[in-house]
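Fold and contact review
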Amino acid sequence: MARHRLADPAFKGFECEICNRKFSRKDEFKSHSYRHLGLKRHKCPVCGKPFSDASNCAKHVKVHGPLTFGNPGNPLNCPLCNSGFKNKTAVSRHLATCSMRLGVVQSVPQPEPTQMSVV
């Protein structure tokens, strides 16, 4: 806001009426306001997750990784929706929400029964 004060000493910035945070730029103020209103206008092109801020959406898209998306059978892809991810942890986290969203019951792999040798 210092730059604005030099141009116009009366400039007070844009103040959020909800949290009283001040912004020097109107676009930053509007983006901030969307968070309070719950507006999420930006969606991840890979998984559809909504975001109120374009920069947060852009950061999120990177978790999908450039090489995994759209390759069915890739272990770093969700077996339900085929969204790609950078690592197995991200796939597991996504799978929990994806299966709930799609109403799919996940089966928990059971350990193989061991055969005991009788002497």
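Residues numbered from 1 in each chain as written. Predicted model: local features only at pLDDT ≥ 70, side-chain atom pairs only at ≥ 80, totals over all residues. Heavy atoms only, no water.

- Labelled according to an unreviewed UniProt entry, the protein chain appears under the name C2H2-type domain-containing protein, originating from Phlebotomus papatasi.
- What UniProt records for the protein chain under Subcellular location (unreviewed entry) is the sentence "Nucleus". (UniProt positions renumbered as here; feature names shortened; annotations may be inferred.)

**Re the pattern of salt bridges**
- Summed over the entire model, instances satisfying the criterion amount to three salt bridges.
- Close ionic contact of Asp 27 with Arg 25 constitutes a salt bridge, the shortest N to O distance being 2.6 Å.
- The closest approach of N and O atoms between Glu 28 and Arg 25, which form a salt bridge, is 3.5 Å.
- On the basis of relative accessibility, which here comes to 33%, the residue Glu 28 falls in the partly exposed class.
- Residue class for Arg 25 comes out partly exposed when judged on its relative accessible area of 40%.
- Linked through salt bridges whose partners overlap, the residues forming this network are Arg 25, Asp 27 and Glu 28. (Salt bridge = Lys/Arg side-chain N within 4 Å of Asp/Glu carboxyl O. Buried < 20%, exposed > 50% of the residue type's maximum accessible area, 1.4 Å probe, protein only.)

**A word on the packing of aromatic side chains**
- Tallied over the entire structure, the rule returns two aromatic pairs.
- The interplanar angle of 20 degrees and the centroid separation of 6.1 Å between the aromatic rings of Phe 14 and Phe 29 together place this pair among those described as stacked. Taken together, the residues Phe 14 in strand β1 (residues 14-15) and Phe 29 in helix α2 (residues 26-37) connect sequence positions 15 residues apart.
- Between Phe 23 and Phe 29, the ring centres sit 6.2 Å apart and the planes meet at 55 degrees, which makes this aromatic pair tilted.
- Linked through ring pairs, Phe 14, Phe 23 and Phe 29 together constitute an aromatic cluster. (Phe/Tyr/Trp six-rings, centres within 6.5 Å; stacked < 30°, edge-to-face > 60°. Helix = DSSP H or I, 4+ residues; strand = E, 2+ residues; numbered from the N terminus.)

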